[in-house]
Amino acid sequence: MAENAMLNQWYPVGLFSHLAKGVYKTALMGEKIAVSADANGDAVVTTCAGRILPVLVRFGHVWSSLGEPTKDLFSIPEADQPGRRFVEVGVVRVRCSPLRAVENFLDIAHFPFVHTDILGAEPHTEVQNYKVEIRDVEDEVWATQVKFYQPQAAKSASGGITTEYMYRVPSPTCSVLYKTCPPRPTEWDVITLFVQPLAEDLCDVWPWMALFDDETSMTDLIHFQQTIFLQDRSILENQIPHLLPLDPGMEIPTRADMTSVAYRRWLKRHNFTYGAQLVAQ
Amino acid sequence: MPAETTGFWAPVALSADLPPATVIPARTTAGSIALWRSQSGRVAASADRCPHRGMRLSHGFVRGEALSCIYHGWSYAQAGNCLRIPAHPGLSPPETIRVATQKVEEADGLLWVAVGDPAHQPPALAGLVPLRSLTAEADIGAIERAAGATLDARGVLETVENSQAVRLLLVELQPHRTLVHVLVDDGATPAERIMASRAAESLRRRAESLQGGIA
């Protein structure tokens, strides 16, 4: 079955720091699961039928899988640099395909219209050419040299700057964004989107960040990202169809959408079709 | 339903509910539409889906004589052709990028959208003006039974509810859901308008319970 390819992937299923609060009941690809800590404080994930699922803890989150992951979860080497603050943004539930949530994260052209006066503003709407590739060795989608004018690129930014971005898709429902770091121009801020597929048309989005920012309060950092993701939700819940169309014909990409085109191609190549629509309707 | 073999006019909204430079969602039995009025007052109806990334155009915005998608700002003319792609300001969008449109007629304070290719103009509602619209979770048959009356050729139901003469213009939205426009005499007083509005609500409640009883 085509879904098997995605069944064997790792998915975020909750925040590790929240396990002390007790059993967290959630779902993964249509199956009810429970996330909890054992007597040693280690994370345990089980289905309601009692099946014990694979588990690992990384980037502040508990990860699990309904299948048998053949690969370790991807790494983010930059997150290990000393001096970074880790921000657990929490969860935003979105009634959309998990793949649509990732694709929206890869898109910069919507900034002036959806994140007006924060991540973008008219008349600065142009998307300059950038580079996109599917890296064969890592088996990841990468977009580099992405530049965009932003009125307030980060909580730590004062005034408008042209921000540079790199996007990385290391697994079908996760993306890592590297972004100009206003206080440290030689480093990248790391902002991730970890998407938990609850169903093909329903997901929990867990943003997580590793930033160089010693000034802004944790509350303000979390509020900034939650504002952005709630704005995105108003889009994601109103796209038709809810599932991501992988076949050409249903939607019209332009040069600005090269990352999305590569992402869709990469999904199709791997049969990562949970949350996708394969035939144009 | 006032259907003809080639098509019909569906009264989808009141003129008063669509001021200049706004867009609202509307629906006919043929599906969802984005109904919008340009800055200069021209009304248009398009498919409620931007062909770029599938976003509902009824969530968009109107500037000047164009409707723009809220997602990436792609803007469309009344005829449905794409005018501008903000990510590529120097690009003239190809003719192939367009949204499907439907004909709209504005008459007697109502906005009529063509479903199919109607042979005639929308019916005239001589002397009557729309007061308000409401949605009934009932099909037209249930409303007719609740009223003890049947629609005329224009789609108007005339009845008496709580000793109050009521005229309702009905149009099917989808199975068991009907859009109801309350009509009053052009010179109706505020008190008469309030009574007509309440009578329509009372009729809606009975039609909905009748519908529920059948289902």
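## Considering the overall build of chain A
A count of helices and strands for chain A gives five helices and 16 strands. The globule rule puts the C-alpha radius of gyration for 281 residues at 19 Å, and the 18 Å found for chain A is close to it. The C-alpha extent of chain A, read off along each of the three principal axes, is 55 × 50 × 35 Å. Out of the 281 residues belonging to chain A, those deemed buried represent 43%. For chain A, the share of sequence-separated contacts (at least 6 apart) that also reach a separation of at least 24 residues comes to 61%.

## Some remarks on the domain arrangement of chain A
Residues and elements named next belong to chain A. For chain A, the assigned domains are domain 1 (1-73) and domain 2 (81-277). Distance from the C-alpha centre of domain 1 to the C-alpha centre of domain 2: 24 Å. Counting residues at the interface gives 18 residues for domain 1 and 18 residues for domain 2. Looking at the side of domain 1 that touches domain 2, the elements with two or more residues in it are α1 (4-7), β1 (11-15) and β2 (24-28). In terms of residue count, β1 provides more of the side of domain 1 that touches domain 2 than any other element does, four residues in total. Looking at the side of domain 1 that touches domain 2, its residues break down into 12 nonpolar, five polar and one charged.

## Here's the deal with unusual backbone geometry
All names here are of chain A. Going from Glu 122 to Pro 123, the amide bond is cis rather than trans, its omega being 5°. In this model, Met 29 sits at a positive phi of 45°, which is unusual for a non-glycine residue. On the secondary structure map, Met 29 appears in the loop between β2 and β3 (31-37). Given 21 C-beta atoms within a 10 Å radius, Met 29 is considered buried. Located in the positive-phi region is Phe 59, a residue other than glycine, with phi close to 55°.

## Some words on the sheet that holds strand β8 (residues 82-84) of chain B
All names here are of chain B. One open sheet holds the four strands; their spatial order is β5-β6-β7-β8, and the pairing between them is antiparallel. Of all the strands in the sheet, just β5 (61-63) and β8 have a single pairing partner and so form its edges. Judged from the three bridges that link them, β5 and strand β6 (residues 66-68) form a sheet pairing that is antiparallel. Considered in β6, the bridge of Arg 63 is made with Ala 66.

## Details of the pairing of strand β14 (residues 164-174) of chain B
All names here are of chain B. As judged from the six bridges shared by strand β13 (residues 156-161) and β14, these two strands associate in the antiparallel manner. Paired with Val 160 across the bridge in β14 is Ala 165. Linkage of β13 to β14, two consecutive antiparallel strands, is achieved through a turn of two residues, within which Asn 162 is found at a positive phi near 55°. Here β14 folds back onto strand β15 (residues 177-185) in antiparallel fashion, the turn holding two residues, of which His 176 has a positive phi close to 65°.

## Side note on the domain arrangement of chain B
Much of the literature gives interface size as the accessible area that the parts lose upon coming together. All names here are of chain B. According to the domain assignment, chain B contains domain 1 (7-116) and domain 2 (128-214). For domain 1 versus domain 2, the separation of C-alpha centres amounts to 28 Å. Each side of the interface is counted separately: domain 1 has nine residues, and domain 2 has nine residues. Ranked by residue count, the leading element in the side of domain 1 that touches domain 2 is strand β1 (residues 7-14), at four residues.

The rules behind each value
Position numbers for residues count from 1 along each chain, tracking the sequence in the order it is written. Key to labels: chains lettered from A, ligands numbered from 1, both in the order written. Whole-chain, interface and lining totals are the exception, using all residues; otherwise, since this is a predicted model, local features are given only for residues with pLDDT of at least 70 and side-chain atom pairs are given and counted only at 80 or more. Here a strand is any run of E in DSSP of at least two residues, a helix any run of H or I of at least four, and the numbering for each starts at the N terminus. To get the radius of gyration, use the C-alpha atoms; to get the globule rule, take the number of residues to the power 0.38 and multiply by 2.2 Å. Working definition of burial: number of other C-beta atoms within 10 Å of the residue's own, with buried at 20 or more, exposed at 12 or fewer, and partly exposed in between, all C-beta atoms being placed from the backbone. Any two residues are considered in contact once their C-beta atoms, placed from the backbone, lie within 7 Å. Each domain's extent was defined by an automatic or database domain assignment. Polarity classes work like this: nonpolar for Ala, Val, Leu, Ile, Met, Phe, Trp, Tyr, Cys and Pro, charged for Asp, Glu, Lys and Arg, and polar for all others, with Gly in that last group. For two strands to be treated as a pair, DSSP must find no fewer than two bridges joining them.

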